[in-house]
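So the chains spell out like this:
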Amino acid sequence: MREKVVLAYSGGLDTSIIIPWLKENYDYDVIAMVGDVGQGDNIEAVVKKAYATGASKVVVEDLREEFLTGYVFPALKAGAVYEHKYLLGTSLARPVIAKHQVEIALREGATAVAHGCTGKGNDQVRFELAYQALAPELKVIAPWREWSLKSREDCLDYAEQHGIPVEASREKIHSRDRNLWHVSHEGGELEDAANAPLPGTWQLTRSPQEAPDREEMVQIGYEKGVPVSVNDMKMDPVSLVELLNEIAARNAVGRVDLVENRFVGIKSRGCYETPGGTLLVTAHRELESLCLEREVVHFKQHIGLKYAELAYFGMWFTPLREALDAFVESTQKDMTGSITLSLYKGNVSVVSRQSEYSLYNTDLSSFTMGESYNQQDAEGFIRILGLPSRSRARARIEVEK
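Residues numbered from 1 in each chain as written. Predicted model: local features only at pLDDT ≥ 70, side-chain atom pairs only at ≥ 80, totals over all residues. Heavy atoms only, no water.

Trainee: Just to check I follow, could you spell out the sheet that holds strand E8 (residues 216-223) for this structure?
Mentor: What holds strands together in a sheet is hydrogen bonding between their backbones, with the strands either parallel or antiparallel. Across the sheet, five strands lie side by side as E10-E9-E8-E13-E14; this open sheet has antiparallel pairing. Sheet topology places strand E10 (233-234) and strand E14 (347-354) at the edges, where each strand pairs with a single neighbour. When strand E9 (residues 226-230) meets E10, the two strands line up antiparallel, connected through two bridges. Bridge pairing in E10 places valine 230 opposite methionine 233. Along the sheet face, helix H8 (residues 275-291) touches E8, E9, strand E13 (337-344) and E14 and points at about 60 degrees away from the line of E8. (Pairing = 2+ DSSP bridges. Helix = DSSP H or I, 4+ residues; strand = E, 2+ residues; numbered from the N terminus. Contact = heavy atoms within 4.5 Å. Axes fitted to C-alpha atoms, helices over the stretch in contact; angles between N-to-C directions.)

Here is the structure:
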């Protein structure tokens, strides 16, 4: 019997040509694993295509809810944003796909796993670090690091020569990754950082010019840091994110144009659309500002930066990420409440913050002097805080005499 390899299969340009390439160069039985993370594909068509191009078996996994609850929402609670802008849509999807790919490989008795990531990108790291953490005995095949193809044009030539239909063309050369959380765009005019994205590059969100001429209000409810409702309607995670994507997209919210630092050391330019995610991150941050104690808020910012870096660098299945999750969970026990946002032509403003766990006290914050705060106490602690400064100033005066 021939050995088996499980390929993370999307039906896009790269993975479409990998199935015949694997059969030609490795003589494997190729099992195509299709992970549905909300990319919006016609799954039946993807499965049919995999079989038509040589897969011996296709396994479809519905990962949408697990993707959100096990990966996206933990990052949301951590406040993980990479390099100020990127909400980690692709980064968070790769580990859940790789996890199930490994599980299928072990279940099917496969000896290898394969992916369609290039040797320049972050995704190769994300997939392969997951493989090593979960099943180090499996062989890893990365065709982009082996074959003679050098460009997407070369891949198109290969597809044409083998009679493989692909949606990409020489005129439509963008590389895209889509899931419930976002859609990313690379390539084409975006390869030159001086070029603005073409209007047709964006797929989910309206432009501000096309957005409604009136603001739209949206209320997001959280329980222990997890989003659970929109406009007082309790919703399951998938439906909630889909609805917020729709609301934010029609109001031109969620576009990011970013030059980022890849893990391999290359600066790359990508455009991301994360409409619903932008609302969730904004609202969660506001809820924390209302309910978290000052020192926790300030320290948690460091946690968010490290968490984002771990996710971006593919280090999801690591003891450090698990330890950070434990810290984050301890900060979220009182993150229950609702935030109301105003959306208008790409802008997001906070209208209302409400929580029974709010630490905001109007008796303390008001300009009106009340009994909750004794102003005379301020003199003593300011004198104590200023002691090192006074000591240093006096020493300097003595030296200068």
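Now that the structure has been shown, the text picks up again.
Trainee: Which parts of the structure should I look at to understand the packing of helix H1 (residues 13-25) against helix H6 (residues 152-161)?
Mentor: Packed helix pairs are characterised by how far apart their axes lie and by the angle those axes make with each other. Two numbers describe how H1 lies on H6: the axes approach to 10 Å, and their chain directions differ by 60 degrees. One element, H1, and the other, H6, form an angle in the oblique class. Crossing geometry of H1 relative to H6 is assigned as left-handed. Contact residues: H1 offers Leu13, Asp14, Ile17, Pro20, Trp21 and Glu24, while H6 offers Arg152, Cys155, Leu156, Tyr158 and Ala159. (Parallel < 35°, antiparallel > 145°, perpendicular 65-115°, else oblique. Left-handed = near helix turned anticlockwise from the far one by under 90°.)

Trainee: What should I look at first to understand the layout of surface pockets in this one?
Mentor: Where empty space is left can be seen by rolling a probe of water-molecule size over the atoms. Here the second largest pocket defines a volume of roughly 660 Å³. Lining the second largest pocket we find 30 residues, and of these Gly79, Val81, Val281, Thr282 and Arg285 sit closest to its centre. Counting residues per element, the lining of the second largest pocket draws most heavily on H8, which supplies seven residues. Looking at the lining of the second largest pocket residue by residue, the class counts come to 14 nonpolar, eleven polar and five charged. (1 Å grid on protein atoms, 1.4 Å probe; cavity = no way out; pocket = protein on both sides within 12 Å on 5 of 7 lines; lining within 4 Å. Points joined across faces, edges and corners; volume = space filled by probe spheres on them. Nonpolar A, V, L, I, M, F, W, Y, C, P; charged D, E, K, R; others polar.)

Trainee: Help me out: how do you make sense of helix H10 (residues 319-331) in this one?
Mentor: Since the α-helix packs 3.6 residues into each turn, any two residues three or four apart lie on the same face. Helix length check: H10, at 13 residues, gives a terminal C-alpha distance of 19 Å against a target of 18 Å (1.5 Å per residue), a fit within 8%. Burial in H10 covers these residues: Arg321, Leu324, Asp325, Val328 and Thr331. What you see down the axis of H10 is that its buried residues fit within an arc of 115 degrees, all on one side. What points out from H10, more than 90 degrees from its buried face, is the exposed set Pro319 and Ala326. Looking at the buried positions of H10, the neighbouring elements they touch are helix H3 (64-78) and helix H9 (294-312). (Expected span 1.5 Å × (residues − 1). Buried < 20%, exposed > 50% of the residue type's maximum accessible area, 1.4 Å probe, protein only. Arc of directions from axis to C-beta.)

Trainee: Is there a simple way to think about the environment of proline 227 in this case?
Mentor: With respect to the helices and strands, proline 227 occurs in strand E9. In this structure the C-alpha to C-alpha distance between proline 227 and leucine 240, which are 13 residues apart in sequence, comes to 8.0 Å. Once residues lying within four places of it in the same chain are set aside, the contact partners of proline 227 are Phe73, Leu76, Ile220, Gly221, Tyr222, Leu240 and Leu280.

Trainee: I keep staring at the side chain of asparagine 179 and nothing clicks. Help me out?
Mentor: Assignment of secondary structure puts asparagine 179 in the loop between strand E6 (175-178) and strand E7 (183-186). A distance of 3.0 Å separates the side chain of asparagine 179 from the backbone oxygen of glycine 89, its partner in a polar contact. Looking at asparagine 179, its side chain comes within polar contact range of the main-chain nitrogen of tryptophan 181, at 2.8 Å. Once residues within four sequence positions are removed from consideration, asparagine 179 is found in contact with Val37, Gly38, Gln39, Phe67, Gly89, Thr90 and Ala93. (Polar contact = N/O pair within 3.5 Å; in protein donor to acceptor, adjacent residues only side chain to side chain.)

Trainee: Would you mind showing me how to read the packing of aromatic side chains here?
Mentor: Aromatic rings considered in pairs are described by the distance between their centres and by the relative angle of their planes. With the rule as written, the count across this model stands at 14 aromatic pairs. The interplanar angle of 85 degrees and the centroid separation of 6.0 Å between the aromatic rings of tyrosine 86 and tyrosine 312 together place this pair among those described as edge-to-face. In this pair, tyrosine 86 is assigned in the loop between H3 and helix H4 (89-108) and tyrosine 312 in helix H9, connecting sequence segments 226 residues apart. For the pair tyrosine 86 and tyrosine 312, one class covers both residues: buried. Linked through ring pairs, Tyr82, Tyr86, Phe263, Tyr272, Tyr312 and Phe313 together constitute an aromatic cluster. The positively charged end of arginine 126 is found above the aromatic ring belonging to tyrosine 312, 4.9 Å away from the centroid. The residue whose ring lies beneath lysine 345 is tyrosine 344, and the NZ or CZ to ring-centre distance is 6.0 Å. (Phe/Tyr/Trp six-rings, centres within 6.5 Å; stacked < 30°, edge-to-face > 60°. Lys NZ or Arg CZ within 6 Å of the ring centre and 35° of its normal.)

Trainee: In this structure, what is going on with the sheet that holds strand E2 (residues 29-36)? I would like to understand it.
Mentor: Spatially, five strands are ordered E3-E2-E1-E4-E5 in an open sheet, and the strand pairing comes out parallel. Every other strand in the sheet has two partners, leaving strand E3 (57-62) and strand E5 (139-141) as the edge strands with one partner each. Within this sheet the neighbouring strands show an average axis-to-axis angle of 25 degrees, counted without direction. Note that strand E4 (residues 112-114) and E5 share three bridges and pair parallel. The partner of alanine 114 across the bridge, within E5, is isoleucine 141.

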